[in-house]
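Breakdown of the fold
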Amino acid sequence: MFRHVLAAMMALAASWAMPLAAQPLPVLAATPPMGWNSWNRYGCGIDEKLIRGVADAMVANGMRDAGYTFVNIDDCWQGERDPDGYIQADAQRFPSGIRALADYVHTRGLKLGIYSDAGSKTCGGRAGSQGHEYQDARQYARWGVDYLKYDWCNTGTGAAQRNPREAYATMRDALDKAGRPIVFSICEWGDSKPWEWAQAIGQLWRTTGDIGNCWDCHLGHGGWSSLGVLQILDKQDGLRSFAGPGHWNDPDMLEVGNLPDLNANRSHFALWAMLAAPLIVGTDVVGMKPEITRILTNPHLIAIDQDALGIQGFAWLRSGDVEVWARPLAGERWAVAVLNRSAQPQTHVIDWSGEPLSDNVSQKSADLGKRRFKLVDGWTGKATGDTATPLKVSLAPRDTAVFILEPAA
Ligand code: GLA
């Protein structure tokens, strides 16, 4: 009897001693997270009025019902720490506090996200979480926060730099200890290949530096550059095998609505859907033009992004400035996106029966020579022929056509 009790006690002690990060993560993001974030459009110019207005707009314009759940406050919400070390919101900009904001957002059927940094200070110079991880996680949980984006500025240089894996695991453990399910978004810009180590730590990890508001460019900011949509797209090469349900490559938040050219906005959204990317809107959703709302709430594109198999797409065919992307979907369907990278109109013909469509990561293939698929236009939802005959696609500058291939009975 005593031996049994002793064995049970030892087993219990062993389970307590297990590092938290080694335990399987709760599934908080079976499909890529969808929401809004303040940074791309507002930078540090944020306050509680803006965030409340965004939540209201997301309900009124159909974004919430289309699947956008998170309202995420990025950098610069923080004030000072209190005498016990607990972080407080900036009292000028968030006078009602984060708890009240979380309540406001929750009442509208949405969730609240917040931002911090693994270093001594955030990128915007506010208090970072280094050395305060458990206190910060506790504070977020008390406030009712549902999502944490965790940045990588001011984490030291050279030999003195924090170990990213350790730093992110520490915050993961702190969030677990705090006891509230909080999606953990790893933002260390892909520097230490987080796709190789972050699956057991967070639900999504940035794969690149910051996106900028442009299609094909590098935007210089002194010591660093932000990247255009095409530059970010090209950096996803080779990463698709690391993503899947519960853990996603994050090619950064959307500039849809900010890009000056409507076609580029459409393409950016279609490409992120093909990449199974988190869809975190980064524009002014209160004053949003209807054509941008239509892009962001397109049900067919969202369904591609959120497909249950979670298989990230790949560049299937390339011909000059035209790229054809493919992505296996549930139900033996495929999504195919035809991208015009250039500033000139392009015409492209896909000869379905002559092009083997197979995916060496998921091992799925569509024998287009033998099997016929119906084509549905991803922008309009309309039937548009089948794969029995070659498809001629005319593309405006920087536009993307999208097709969903459904097995014909
Ligand atoms: C970094 C991140 C951005 C944003 C800013 C905030 O640059 O990569 O997404 O959060 O910090 O300062």
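Everything here concerns the structure above.
Below, the structure is looked at part by part. (Residues numbered from 1 in each chain as written. Predicted model: local features only at pLDDT ≥ 70, side-chain atom pairs only at ≥ 80, totals over all residues. Heavy atoms only, no water.)

A closer look at the overall build of the chain
Worth spelling out the cut-off: Going along the chain from the N terminus, every DSSP run of H or I of four or more residues is numbered as a helix, and every run of E of two or more is numbered as a strand. Note on method: radius of gyration uses C-alpha positions; expected globular size equals 2.2 Å times residues raised to 0.38. Residue burial is assigned from relative accessible area. The probe radius is 1.4 Å, only protein chains are included, and a residue is buried under 20% of its type maximum, exposed over 50%, and partly exposed in between. Note on contacts: a residue pair is in contact if any heavy atoms of the two residues lie within 4.5 Å. Note that accessible areas follow from Shrake-Rupley with a 1.4 Å probe, and for residues the cover is restricted to the protein chains shown. Charge assignment in this entry is limited to Lys and Arg as positive and Asp and Glu as negative, and neither His nor the chain termini are counted. Throughout, a charge is located at the NZ atom of Lys, the CZ atom of Arg, the CG atom of Asp or the CD atom of Glu.
The number of helices and strands found in the chain is 11 helices and 22 strands. In terms of overall size, the chain behaves like a compact globule, its C-alpha atoms giving a radius of gyration of 23 Å where 409 residues would be expected to give roughly 22 Å. Taken along its principal axes, the extent of the C-alpha atoms in the chain is 70 × 60 × 45 Å. Counting the 409 residues in the chain, one finds 53% classified as buried. Taking the intrachain contacts of the chain between residues at least 6 apart in sequence as the baseline, contacts between residues at least 24 apart amount to 69%. Carbon and sulfur atoms make up 52% of the accessible area of the chain, which totals about 17300 Å². Each charge class in the chain can be summarised by its mean position, and for the 39 positive and 45 negative side chains these summaries are 4 Å apart.

Things to note about the layout of surface pockets
Note the following rule: In this analysis, the protein atoms alone were mapped onto a 1 Å grid. Cavities are point sets where a 1.4 Å probe fits without being able to get out; pockets are open sets with protein on both sides within 12 Å along at least five of seven lines; lining residues have an atom within 4 Å of a point. Grid points are joined across faces, edges and corners, and a volume is the space filled by probe spheres set on the points.
The computed volume of the largest pocket comes to approximately 420 Å³. If you go around the largest pocket, you meet 24 residues; those closest to its centre are Trp39, Asp210, Ile211, Trp224 and Ser226. Counting residues per element, the ones that place at least two in the lining of the largest pocket are α2 (39-42), β6 (147-151), β9 (218-221) and β10 (224-227). Looking at the lining of the largest pocket element by element, the count peaks at four residues for β10.

Examining the sheet that holds strand β2 (residues 70-72)
This is how the line gets drawn: Criterion used throughout: strands pair if DSSP finds at least two bridges between them. Geometry is summarised by axes, namely lines fitted to C-alpha atoms with helices restricted to the contacting stretch, and by angles between N-to-C directions that run from 0 to 180 degrees.
Pairing within the open sheet is parallel, and its eight strands lie in the order β11-β8-β7-β6-β5-β2-β1-β12. In this open sheet, the two edge strands, each paired with only one partner strand, are β11 (248-250) and β12 (279-281). When the angles between neighbouring strand axes are averaged without regard to direction, this sheet yields 25 degrees. Across three bridges, the pairing between strand β1 (residues 34-37) and β2 is parallel.

Considerations on the side chain of Ser342
Going by this rule: Within 3.5 Å is the distance limit for a polar contact, defined as a pair of N or O atoms, with the added protein rule that one can donate a hydrogen and the other accept it, and that residues adjacent in sequence qualify only through two side-chain atoms.
Examined against the element boundaries, Ser342 turns out to sit in the loop between β15 (333-340) and β16 (346-350). You can call Ser342 buried: its relative accessible area is 6%. A distance of 2.8 Å separates a polar atom in the side chain of Ser342 from a polar atom in the side chain of Asn340. The residues touching Ser342, leaving out its near neighbours within four places in the chain, are Asp321, Pro397 and Arg398.

Comments concerning the site of the ligand
Counted only if it meets this: Near residues are defined by distance, with any heavy atom within 4 Å of the molecule or strand qualifying the residue.
Neighbouring the ligand are 13 residues; Asp74, Asp75, Lys149, Asp151 and Asp210 lie closest to it. One of the side-chain nitrogen or oxygen atoms of Asp151 is found 2.8 Å away from an oxygen atom of the ligand. Between an oxygen atom of the ligand and a side-chain N or O atom of Arg206, the distance comes to 3.3 Å. Coverage of the ligand by the protein amounts to 94% of the 310 Å² it exposes when considered alone.

Let's talk about the sheet that holds strand β19 (residues 373-377)
Two pairing modes exist for strands in a sheet, parallel and antiparallel, and in both the strands are linked by backbone hydrogen bonds. An order of β13-β14-β15-β22-β19-β20 is seen for the six strands of this open sheet, with the pairing classed as antiparallel. Sheet topology places β13 (314-319) and β20 (383-386) at the edges, where each strand pairs with a single neighbour. Pairs of neighbouring strands in the sheet enclose a mean axial angle of 25 degrees, with direction left out of account. Sheet analysis places β19 next to β20, joined by two bridges and oriented antiparallel. Directly across from Lys374, in β20, lies its bridge partner Asp386.

Thoughts on the side chain of Lys149
Positionally, Lys149 belongs in strand β6. By relative accessible area, Lys149 is classed as buried at 9%. A distance of 2.7 Å separates polar atoms of two side chains, one belonging to Lys149 and the other to Asp74. Sequence-distant contacts of Lys149, defined by excluding residues within four places in its chain, comprise Asn37, Asp74, Ile114, Tyr115, Ser116, Ser185, Cys187, Arg206 and Met253.

A word on the pairing of β13
Of the pairings in the sheet, the one linking β13 to strand β14 (residues 322-329) comprises five bridges and is antiparallel in character. Note on β14: the bridge partner recorded for Ser319 is Val322. Joining the antiparallel neighbours β13 and β14 is a turn of two residues, in which Gly320 adopts a positive phi near 60 degrees.

This is a description of form; function is not addressed.
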